[in-house]
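Notes for the structure review
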Amino acid sequence: MGFFKRLFGICQTASPADDGCWNFENGKIEIQLDRAPEIKNQGGAIRLEGNGSPERVLVIHGRDGQFHAYKNRCTHAGRRIDPFEENESLRCCSISKSTFDYDGSVISGSAKKPLTPFKVEQDAGKLTVSVV
Ligand code: FES
């Protein structure tokens, strides 16, 4: 990622092309996987914002084959997070590049506190993320 993108905190992960693939209700986000091709393969990710959700959420299909979700705010200064290349890790889009494990623990960078992971359940073509 380039310097200016990092300077302005522009993350790599996009919103889903089909915004109707997800909804927020009763503290949970539900994602219809057949409408979210961005997370079909390992390494894929989407960021979910709005739709009544109280949190910005990053959902990834991890290199470990599992789905993971996080509060999409770096604990250093609140910038968004992206999956980090081929590794099983995440990286802040800011200049300081804080890097985290899939469990949210800090690996390196300016962040001192872990990311907030959310519980993810998969059932019959649907992901449910418990946000609150
Ligand atoms: S906001 Fe993430 S390292 Fe500064």
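Check the entry above for the structure.
Here's a quick rundown of the structure. On a predicted model such as this, the values are computed, not experimentally measured, just so you know. (Residues numbered from 1 in each chain as written. Predicted model: local features only at pLDDT ≥ 70, side-chain atom pairs only at ≥ 80, totals over all residues.)

**Some points on the nonpolar core**
Which entries qualify depends on this criterion: Note on terminology: a nonpolar core is a set of buried residues of type Ala, Val, Leu, Ile, Met, Phe, Trp, Tyr or Cys, with members joined through C-beta atoms within 7 Å. To sort residues by exposure, count the other C-beta atoms lying within 10 Å of each residue's C-beta; 20 or more gives buried, 12 or fewer gives exposed, and values between give partly exposed, all with C-beta atoms placed from the backbone. A run of H or I in DSSP becomes a helix once it reaches four residues, and a run of E becomes a strand once it reaches two; helices and strands are each numbered from the N terminus. Residues are defined as contacting one another if the C-beta atoms placed from their backbone atoms lie within 7 Å.
Counting residues in hydrophobic clusters, the biggest one holds 27 residues, and the most contacted among them are Ile31, Val57, Leu58, Val59, Ala69, Ile81 and Val129. For this core, the elements supplying multiple residues, two or more each, are strand S2 (28-32), strand S3 (45-48), strand S4 (57-61), strand S5 (67-71), strand S7 (89-92) and strand S11 (126-130). The dominant element in this core, judged by the number of residues it contributes, is S4, at four residues. With residues up to four places along the chain from it excluded, the contact list for Val59 reads Ile31, Ile39, Ala45, Ile46, Leu48, Phe67, Ala69 and Val129.

**Observations regarding the sheet that holds S5**
In sheet architecture, strand pairing relies on hydrogen bonds along the backbone and comes in two forms, parallel and antiparallel. What counts, and what does not: A pair of strands is treated as paired once DSSP finds two or more bridges between them. Where helices are involved, their axes are fitted lines through C-alpha atoms of the stretch in contact, as for all axes, and angles between N-to-C directions lie from 0 to 180°.
The strand order S1-S2-S11-S10-S5-S4-S3 describes an open sheet built from seven strands, whose pairing is antiparallel. The open sheet has two free edges, formed respectively by strand S1 (22-25) and S3, since each of these has just one partner strand. Strand-to-strand twist of the sheet, defined as the mean angle between neighbouring strand axes without regard to direction, takes the value 20°. Bridge count between S1 and S2: four bridges; the pairing is antiparallel. Within S2, the position partnered with Glu25 by the bridge is Lys28.

**Focus: unusual backbone geometry**
The phi angle of most residues is negative, glycine excepted, and most peptide bonds adopt the trans form. One non-glycine residue, Asn26, adopts positive backbone phi at about 50°. Mapping Asn26 onto the fold places it in the loop between S1 and S2. By C-beta crowding, Asn26 is classed as exposed, having 8 other C-beta atoms within 10 Å. Residues other than glycine seldom take positive phi values, yet Ala124 does so here, at roughly 50°. In this fold, Ala124 is placed in the loop between strand S10 (117-123) and S11.

**Section: the pairing of S2**
Burial of S2 is one-sided: the residues Ile29 and Ile31 facing one way are buried, the residues Lys28, Glu30 and Gln32 facing the other way are not. Count of turn residues in the S1/S2 antiparallel hairpin: two residues, of which Asn26 carries a positive phi of about 50°. Where S2 meets S11, five bridges bridge the pair, whose relative direction is antiparallel. Bridging across to S11, Gln32 finds its partner in Lys126.

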